Amino acid sequence: MAAFDNEAMKSITAFLAFPIFALTLVTLAPQVSPTRQAGFDLPQPNGCHAVGTRAVVLRDRHRSRDLLVTMWYPAVEGTSVLAPYMDKKTGDALAEEWKLQLGFQGLVHTHARLLAPMAEAGPFPVVLLEHGSGVVPAIYTVLAEGLASSGFIVVATNHPPDSLISVFPDGHELKFTPYWPAEADRRTQGIAIGRFADEVLAADVRFVLDQLQEMNSQDHFWHGHLELSKIGIAGHSMGGTTAALATQEEPRILAGVNLDGSTYPGMNADVHPIPVHKPFLFLATEEHASGEDHAREYVGSESNTYYVVVAGADHMSFTDANLVSSRFTRDQKPDDTAFERAVLTSVLTRSLVEEFFVKYLKAGVAPDLDLILRVDKK
């Protein structure tokens, strides 16, 4: 086993397993985000661009379905107001779900500026960002701001009823509703979940891609800025399943990332995994990687599929959740150790996802992902 040093980690062990690359992240060097007042700044984006953000509502008339979509993009440096982490209704819903202090969202400071002018260096590749069940797109802000600062336009769709809440500009809201039979056995529930992923979530992805094409040709702000020949998708948990499905099914998507999601729609071992034969990156917890179906679940080409196991991570480590909960859990003091660990994992996640998309959407390099230290042929 060999080792190397960089800003994000002290050592990485890599091995070829179940025909894909696997990296186990062993130790991380400290990199703590500064705190401000009673809250904190999210980790600083690490790209060369300032970041702008704006939200749009896309109406699918054929399915009678409205989708709230948040977009982060490379922007001109300016002084327009910084975007709130999330709106009050969404913050209140998340505080209730996660047992957080009310108003926590006002103490989390972002780096994206509302309605900032678009940077002129485009057009920019597009990365779709898919949330997990029972959460909201805002909890992926660290990842979204990082990708935007690195020259990608990030498109995060809120998918009701799978999201915790979707609050529209006119004030109406849609809340999470289970889309599986509550009293059924696990297999029956899994089939319903898999059907929802394919018939609703993947369909939402196709619809959003169609709308992006229209925006790129007709919308005054977005016109000509989206490089729609270079599209990737990243998703967490159920969003990771969506990312795998969409990468397989949608020819406009060139590469995908799955953050600790299953490639079995519905998480049933008797359902065939999604065969993804395009460039694909898996980031997983040790618990996920140790399952008996691991060898069958992660299928892909040896040349462009990466499987990264993040030591010590839990399922929500690939989001902002642990950053927030370590500071604002109700009736508990802030946990500095948990906060520092959450910063490390969120920054590492962002770095590896950025590397992957730089390689496959920008023809750049992925030095950490492609640094193979030891190869075991199974």
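About the cut-offs
- Residues numbered from 1 in each chain as written.
- Predicted model: local features only at pLDDT ≥ 70, side-chain atom pairs only at ≥ 80, totals over all residues.
- Heavy atoms only, no water.
- Helix = DSSP H or I, 4+ residues; strand = E, 2+ residues; numbered from the N terminus.
- Contact = heavy atoms within 4.5 Å.
- Areas by Shrake-Rupley, 256 points an atom, 1.4 Å probe, with all protein chains shown as cover.
- Axes fitted to C-alpha atoms, helices over the stretch in contact; angles between N-to-C directions.
- Left-handed = near helix turned anticlockwise from the far one by under 90°.
- Nonpolar A, V, L, I, M, F, W, Y, C, P; charged D, E, K, R; others polar.
- Patch = residues over 30% accessible without salt bridge, like charges linked within 9 Å, V, L, I, M, F, W, Y side chains within 5 Å.
- Salt bridge = Lys/Arg side-chain N within 4 Å of Asp/Glu carboxyl O.
- Buried < 20%, exposed > 50% of the residue type's maximum accessible area, 1.4 Å probe, protein only.
- Phe/Tyr/Trp six-rings, centres within 6.5 Å; stacked < 30°, edge-to-face > 60°.
- Lys NZ or Arg CZ within 6 Å of the ring centre and 35° of its normal.
- Core = buried A, V, L, I, M, F, W, Y, C linked by side-chain atoms within 4.5 Å.
- Pairing = 2+ DSSP bridges.
- 1 Å grid on protein atoms, 1.4 Å probe; cavity = no way out; pocket = protein on both sides within 12 Å on 5 of 7 lines; lining within 4 Å.
- Points joined across faces, edges and corners; volume = space filled by probe spheres on them.

### A closer look at the overall build of the protein
- Scanning the protein for helices and strands turns up 8 helices and 16 strands.
- Counting only contacts in the protein whose residues sit at least 6 apart along the sequence, the fraction spanning at least 24 positions is 72%.
- Entry remark: accessible area of the protein is about 15,900 Å², with carbon and sulfur atoms responsible for 53%.

### A word on the packing of helix 3 (residues 186–218) against helix 4 (residues 238–249)
- Running from N to C, helix 3 and helix 4 cross one another at 65 degrees; their axes reach a closest spacing of 9 Å. Where helix 3 crosses over helix 4, the two elements pack in a sense that is right-handed. Across from Ile-193, Ala-197, Asp-198, Leu-201, Ala-202, Val-205 and Arg-206 in helix 3, the residues of helix 4 making contact are Met-238, Thr-242, Leu-245, Ala-246 and Glu-249.
- Among the residues making up the contact of helix 3 with helix 4, the classes are represented as 8 nonpolar, 1 polar and 3 charged.

### Observations regarding a nonpolar patch on the surface
- On the surface, Val-81, Leu-114 and Leu-115 cluster together into a nonpolar patch covering about 280 Å² of accessible area.
- Note that Leu-114 resides in strand 8 (residues 113–114).
- Residue Leu-114 is classed as partly exposed on the basis of its relative accessible area, which comes to 34%.

### Observations regarding the pattern of salt bridges
- Taken as a whole, this structure holds 14 salt bridges when the rule is applied.
- For the salt bridge of Arg-63 with Asp-60, the shortest nitrogen-to-oxygen distance reads 2.6 Å.
- By relative accessible area, which is 30% here, Arg-63 ends up partly exposed.
- Three or more residues are tied together by salt bridges with common partners; here these are Asp-60, Arg-63, Arg-65 and Asp-204.

### Notes on the packing of aromatic side chains
- Within the structure shown, the criterion is met by 15 aromatic pairs.
- Residues Phe-104 and Phe-328 carry aromatic rings whose centres are separated by 6.2 Å and whose planes lie at 40 degrees to one another, so their mutual orientation is tilted. Note that Phe-104 is positioned in the loop between helix 1 (88–98) and strand 7 (108–109) and Phe-328 in helix 7 (residues 321–328), a separation of 224 residues in sequence. The exposure classification of Phe-104 matches that of Phe-328, with both residues buried.
- Put simply, the rings of Phe-152, Tyr-306, Phe-356, Phe-357 and Tyr-360 pair up and form one aromatic cluster.
- Between the NZ or CZ atom of Arg-54 and the centre of the ring of Phe-221, over which it lies, the distance is 3.6 Å.
- Here the guanidinium or amino end of Arg-327 rests over the ring plane of Phe-339, the centre of that ring lying 4.1 Å away.

### Regarding the nonpolar core
- Counting 56 residues, the largest nonpolar core has Phe-104, Leu-281 and Phe-357 as its most contacted members.
- Of all the elements, helix 8 (residues 336–362) adds the most residues to this core, at 10 residues.
- Among the nonpolar cores identified, the runner-up in size contains 29 residues, and Leu-58, Leu-67, Ile-231 and Ile-253 belong to it.

### As for the pairing of strand 6 (residues 65–75)
- Where burial is concerned, most of strand 6 is hidden: 9 out of the 11 residues are buried.
- Sheet analysis places strand 5 (residues 50–60) next to strand 6, joined by 11 bridges and oriented antiparallel. Directly across from Val-56, in strand 6, lies its bridge partner Val-69.
- The antiparallel hairpin formed by strand 5 and strand 6 contains 4 residues in its connecting segment, where Ser-64 sits at a positive phi of about 50 degrees.
- Across 5 bridges, strand 6 lies against strand 10 (residues 153–158) in antiparallel orientation. The residue of strand 10 that forms the bridge with Met-71 is Val-155.

### Observations regarding empty space enclosed by the protein
- Following the criterion strictly, the structure yields 2 cavities of 30 Å³ or more and no others.
- Each pocket or cavity is described by its volume, and for the largest cavity that value is around 50 Å³.
- Around the largest cavity sit Tyr-140, Val-142, Leu-143, Phe-318, Thr-319, Asp-320, Ser-346 and Thr-349, which together line it.
- Among the elements of the structure, helix 2 (141–149) and helix 8 are those that each provide at least two residues to the lining of the largest cavity.
- Residues of the lining of the largest cavity, tallied by class, amount to 4 nonpolar, 3 polar and 1 charged.

### Some thoughts on the environment of Phe-318
- Within the element layout of this structure, Phe-318 appears in the loop between strand 16 (305–310) and helix 7.
- It is 9.4 Å that separates the C-alpha atoms of Phe-318 and Thr-285, two residues lying 33 residues apart in sequence.
- Apart from residues lying up to four places away in sequence, Phe-318 is in contact with Tyr-140, His-236, Leu-259, Asp-260, Leu-283, Ala-284, Thr-285, Val-310, Ala-313 and Thr-349.

### Topic: the environment of Leu-102
- Inspection of the secondary structure assignment puts Leu-102 in the loop between helix 1 and strand 7.
- Judged by relative accessible area, Leu-102 falls into the exposed class, the value being 65%.
- Sequence separation of Leu-102 and Arg-330 is 228 residues, and the distance between their C-alpha atoms is 8.5 Å.
- When sequence neighbours within four positions are dropped, the list of residues in contact with Leu-102 reads Asp-92 and Ala-95.

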